[in-house]
Amino acid sequence: MARATARQISFADVELMRQGVRLEPLLEAISKFLDSEHEMIERVRRDLVRGLKKPRKGRRGLTAPQVLRSLVVMRVKNWDYRELRERIADGVTLRQFTDFYCDPVPKHDAFNRGFNRLTPPTLKAINDMVVQAAVALGLEDGAKLRVDTTVVETDIHHPTDNTLLWDVVRVVTRLIGHLAKALELRRIKGFRDRRRSARRRMYEIQRMTTRQRQGARSWQTATYRELIGIAEEVVASARTALDKTSKLRGKGLLAAMTIDALRDQIAHYCGLGERVINQARRRVLDGEQVPNAEKIYSIFEPHTDLIKRGKVRTPVEFGHKVFLAESAKGLITQYEVLKGNPADEVHVAPSLKRHRRAFRRAPELYGADRGFFSEHNVTVCVQGAVKTICIPQRGGRKTPQRQAYERSAAFKQGQRFRAGIEGRISVLMRGRGMKRCRAEGAERFALFVGAAVLANNLMIVAALLTKRSSRRSKAAR
């Protein structure tokens, strides 16, 4: 893991600098900006050495600048870990940007380990530093603010009761097989492999048409009852196997660590399996309407929420709702990964409070869609000294004064400004890879969103700095 703050420059690096190898303008502007922000590098370094007893000893790993710069270029270019490693290793300019220069570039999993050492609060603090630096440089004044919410998907298949039960059976059975192999046993007595039976029943339910489901509901219920029984047997047998092998130990420290890790995984998935079984029994057999807060949509990403936003093309989404606030120049000044599916209107007052904390002033214009409207929010904006409140009324009959206000030129101009955040969300989804999170776990999900926002903000700051430099050069001529 990383110990040093910066790397040592070699003679080959000096020769490349002497030959005038230059980055593309935006990456060069980002590089110069990061060079001037030492506090960002220090925050990353503290995360990299977190938990290490002797951080100054051991094998030399990635430095803090290398981790931060590699993370930025990965999200700016929307690459995966393997492509990131190959591009850096093959390109002189990317070696220069990521602070590797002529040093050997490690394998792709080293980047994965380095990025996962970072924490969501650190990335949020770095994003705040970028916004503060933009204010200090005069790039943004916070006069306008527009907000919206979007959904970032988790990496799961579409959840149904039968596929979730099948996931439980196959994963627990596979882990029990790994445990038997680690204990050097042919098989664990008392545990039966029921994957074939579970797969057959899962496919029987999966291949039924809508008409068949309605006409043969009793047959479908009977098949579900058999599948639930198989899952219950597998989970109970797995817990019994853990008890029977609790006193067995592996040969050597590495084997013992592997066995302990497998036991923890089996116990983890057995707990999730019991939730899936209980959920399927209540929904299918008992006909109960299970609340969304009590449901589990994936045993691999149990933190996943079900989001309904009234979209025609995507009526139901699985992931997390993300709140975004953008300034007039395109900086994401606020972002937050939300739990569940809260109403949009609850974010107006907190977003105004955070905006005043960041810019030392209230926005002159606050733009949002009708989902953020409430009379309380309008009062909060008025009391917060917001001059133009561009939130269309939702529901109810509009008063003549309200109709006249929403037809005014200032309101329509504010709504045109508000629509710009839809384009920003599209850039984050398509250009920065925020459409679907491939990382595992709730913490890495928040880290993934923060990295996409950081890449966006650095690109905006770099573009503004480049534009300012170009104008000054033309004025000097």
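Computed from a predicted structure; not experimentally measured.

Peer 1: Which residues make up the overall build of the chain, and what values do they have?
Peer 2: Secondary structure assignment for the chain yields 19 helices and seven strands. Counting only C-alpha atoms, the chain reaches 85 × 75 × 35 Å along its principal axes. Out of the 477 residues in the chain, the part that is buried amounts to 48%. Long-range contacts, defined as pairs at least 24 residues apart, comprise 71% of the intrachain contacts of the chain with a sequence gap of at least 6. Total accessible area computed for the chain in this model is approximately 25300 Å², and 50% of it derives from carbon and sulfur atoms.

Peer 1: Explain the packing of helix α4 (residues 64-77) against helix α5 (residues 81-90) to me, and be specific about the residues and the numbers.
Peer 2: The packing of two helices is summarised by the inter-axis angle and the distance between the axes. Direction vectors running N to C along α4 and α5 enclose 110°, while the axes themselves pass 10 Å from each other. In terms of axis orientation, α4 runs roughly perpendicular to α5. As α4 runs across α5, the sense of the crossing is right-handed. Counting all contacts with α4, which are made through Ser70, Val73 and Met74, the residues of α5 involved are Tyr81, Leu84 and Ile88. Taken together, the residues of the contact of α4 with α5 break down into five nonpolar, one polar and no charged.

Peer 1: Describe the pattern of salt bridges, listing the residues and the values that go with them.
Peer 2: Counted according to the given criterion, the structure contains 32 salt bridges. Among the ionic pairs, Lys77 bridges to Glu24, the shortest N-O distance being 3.5 Å. Of this pair, Lys77 sits in helix α4 while Glu24 sits in the loop between α1 (11-18) and α2 (25-36), and the two are 53 residues apart along the sequence. Residue class for Lys77 comes out partly exposed when judged on its relative accessible area of 32%. Given the relative accessible area of 41%, Glu24 is considered partly exposed. For Lys398, the salt bridge is made with Glu406, and the minimal N-O distance between the two is 2.7 Å. In this structure Glu406 comes out as buried when scored by relative accessible area, which is 12%. Several salt bridges converge on common partners, so that one network encompasses Glu39, Glu42, Arg45 and Arg46.

Peer 1: Describe the nonpolar core, listing the residues and the values that go with them.
Peer 2: In terms of nonpolar packing, the biggest core is built from 62 residues, with Ile30, Leu68, Val152 and Val449 touching the most fellow members. Sequence-distant contacts of Leu68, that is, excluding residues within four places in its chain, are made with Leu34, Met40, Ile41, Val44, Ile126 and Leu454. Counting 38 residues, the second-largest nonpolar core is a separate cluster that includes Leu165, Ile230, Val276 and Ile277.

Peer 1: Any chance you could break down the packing of helix α8 (residues 120-136) against helix α19 (residues 442-476) for me, citing the residues and the numbers?
Peer 2: Packing of α8 against α19 leaves a shortest axis separation of 8 Å and a crossing angle of 15°. With respect to their mutual orientation, α8 and α19 come out roughly parallel. Here the hand of the crossing between α8 and α19 comes out left-handed. In this structure, α8 uses Pro120, Leu123, Ile126, Asn127, Val130, Val131 and Ala134 to contact α19, whose residues at the interface are Glu443, Ala446, Leu447, Gly450, Ala451, Val453, Leu454, Asn457, Leu458 and Val461.

Peer 1: Quick one: what's the story with the pairing of strand β1 (residues 144-154), residue by residue and with numbers?
Peer 2: Along any regular strand, the residues point their side chains to alternate faces of the sheet. For β1, the buried fraction is high: 10 of the 11 residues fall into the buried class. Sheet analysis places β1 next to strand β3 (residues 317-327), joined by nine bridges and oriented antiparallel. Paired with Asp148 across the two strands is Leu324, which belongs to β3. The sheet contact formed by β1 and strand β7 (residues 436-437) spans two bridges and is parallel. Paired with Thr154 across the two strands is Cys437, which belongs to β7.

Peer 1: Please provide a residue-by-residue account of the side chain of Asn456, values included.
Peer 2: If you trace the backbone, Asn456 turns up in helix α19. With residues near it in sequence (within four places) discarded, Asn456 still touches Gly330, Ile332, Arg424, Leu428 and Arg432.

Analysis parameters
Residues numbered from 1 in each chain as written. Predicted model: local features only at pLDDT ≥ 70, side-chain atom pairs only at ≥ 80, totals over all residues. Heavy atoms only, no water. Helix = DSSP H or I, 4+ residues; strand = E, 2+ residues; numbered from the N terminus. Buried < 20%, exposed > 50% of the residue type's maximum accessible area, 1.4 Å probe, protein only. Contact = heavy atoms within 4.5 Å. Areas by Shrake-Rupley, 256 points an atom, 1.4 Å probe, with all protein chains shown as cover. Axes fitted to C-alpha atoms, helices over the stretch in contact; angles between N-to-C directions. Parallel < 35°, antiparallel > 145°, perpendicular 65-115°, else oblique. Left-handed = near helix turned anticlockwise from the far one by under 90°. Nonpolar A, V, L, I, M, F, W, Y, C, P; charged D, E, K, R; others polar. Salt bridge = Lys/Arg side-chain N within 4 Å of Asp/Glu carboxyl O. Core = buried A, V, L, I, M, F, W, Y, C linked by side-chain atoms within 4.5 Å. Pairing = 2+ DSSP bridges.

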